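# Structural description and commentary
Listed below are the residues making up each chain.
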Amino acid sequence: MPALQNDTLIRALLRQPTAYTPVWLMRQAGRYLPEYNETRRRAGSFLALCKTPSLAAEVTLQPLERFPLDAAILFSDILTIPDAMGLGLYFAEGEGPRFERPLRDETSIAKLAAPDPSESLRYVTDAIGEVRRTLAGKVPLIGFSGSPYTLACYMVEGQASDDWRNVKLMLHQHPSLLHRLLETNTRPVERADRGGRERGDDLRHMGREPFSGVVQGVLARIHPEGVVPAQAQLRCDARPGHRLHQGRGALA
């Protein structure tokens, strides 16, 4: 891989001096760009856009053609992992992502198997490869994934929620079941991270965690042997200075 021409973000994450504060945007590719809207129209749907490597690479690079940003961030969605686990991801117009088969009991969670990113998530790593070839070292590429907690929240609720009622019920009534789900989620997230590194992303963004502080606090009391391992393992596997972690109300 070619050497980075602009490594300002990497050096900032390593706490090294930089000439300026590096800039990248969480939603760099999005509806504020007319070229993004045109590419999404050609794709036919948001999910088709995510699952077509050439189009995902195209929209990943669009913001860099307009703005002097210090990184590209891969266009994808955190819920592609549970989709690959068989939950049936779809997007309802005006309502965001939903799962056809949310996890509400021990039987459904026991059936889960961690997907092989080289097969069911190949479109993600293929998009990374296309972006890297086009960037040719211009700026770093940020890959990203949801944390095991975030994925569990959506997998149990089946959609975004204002109060995350179902996952909170599982947290209080069946903490060992939620712990099993977190363990299951950790494996594909770690595999996706490793696959992204092998294909050429320079760092990983991990986020975001609905009420992550509540989850960690309650599970640490009810199920003390296993709350933090999922997240801790992912942190240990990351290269120093190459993990961006975003959490809400996370406990230190």
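Read on for an overview of the structure.

This part takes up helix H8 (residues 148–157). The element H8 is extensively covered by neighbouring structure, given that ten of its ten residues are classed as buried. Looking one or two places after H8, you find Gly 158, whose phi comes out positive at around 90°.

A word on the environment of His 174. Structurally, the position occupied by His 174 is in the loop between helix H9 (165–173) and helix H10 (175–199). Classification of His 174 as partly exposed rests on a relative accessible area of 43%. Sequence-wise, His 174 and Asp 105 are 69 residues apart; in three dimensions their C-alpha atoms are separated by 9.4 Å.

This part covers helix H5 (residues 80–87). Most of H5 sits out of view: six of its eight residues are buried. Among the residues of H5, Thr 80, Ile 81, Pro 82, Asp 83, Met 85 and Leu 87 are the ones counted as buried. Looking one or two residues beyond H5, the residue adopting positive phi is Gly 88, at roughly 75°.

Contact geometry of H8 with H9 gives a least axis separation of 8 Å together with a crossing angle of 110°. With respect to H9, the axis of H8 lies roughly perpendicular. Residue-level inspection shows Ala 152, Cys 153, Val 156 and Glu 157 of H8 in contact with H9, the latter providing Arg 165, Asn 166, Val 167 and Met 170.

We now examine the packing of aromatic side chains. Summed over the entire model, instances satisfying the criterion amount to four aromatic pairs. Within the aromatic cluster, the residues linked to one another by ring pairs are Tyr 36, Phe 46, Phe 75 and Phe 91.

Before going further, it helps to examine the side chain of Arg 98. Looking at the element boundaries, Arg 98 is found in strand E3 (residues 96–99). Polar contacts involving the side chain of Arg 98 include one to the side chain of Gln 159, which spans 2.6 Å. Those residues in contact with Arg 98 that lie beyond four places of it in its chain are Gly 88, Leu 89, Tyr 90, Ala 92, Gly 158 and Gln 159.

Definitions and limits used
- Residues numbered from 1 in each chain as written.
- Predicted model: local features only at pLDDT ≥ 70, side-chain atom pairs only at ≥ 80, totals over all residues.
- Heavy atoms only, no water.
- Buried < 20%, exposed > 50% of the residue type's maximum accessible area, 1.4 Å probe, protein only.
- Helix = DSSP H or I, 4+ residues; strand = E, 2+ residues; numbered from the N terminus.
- Axes fitted to C-alpha atoms, helices over the stretch in contact; angles between N-to-C directions.
- Parallel < 35°, antiparallel > 145°, perpendicular 65-115°, else oblique.
- Contact = heavy atoms within 4.5 Å.
- Phe/Tyr/Trp six-rings, centres within 6.5 Å; stacked < 30°, edge-to-face > 60°.
- Polar contact = N/O pair within 3.5 Å; in protein donor to acceptor, adjacent residues only side chain to side chain.

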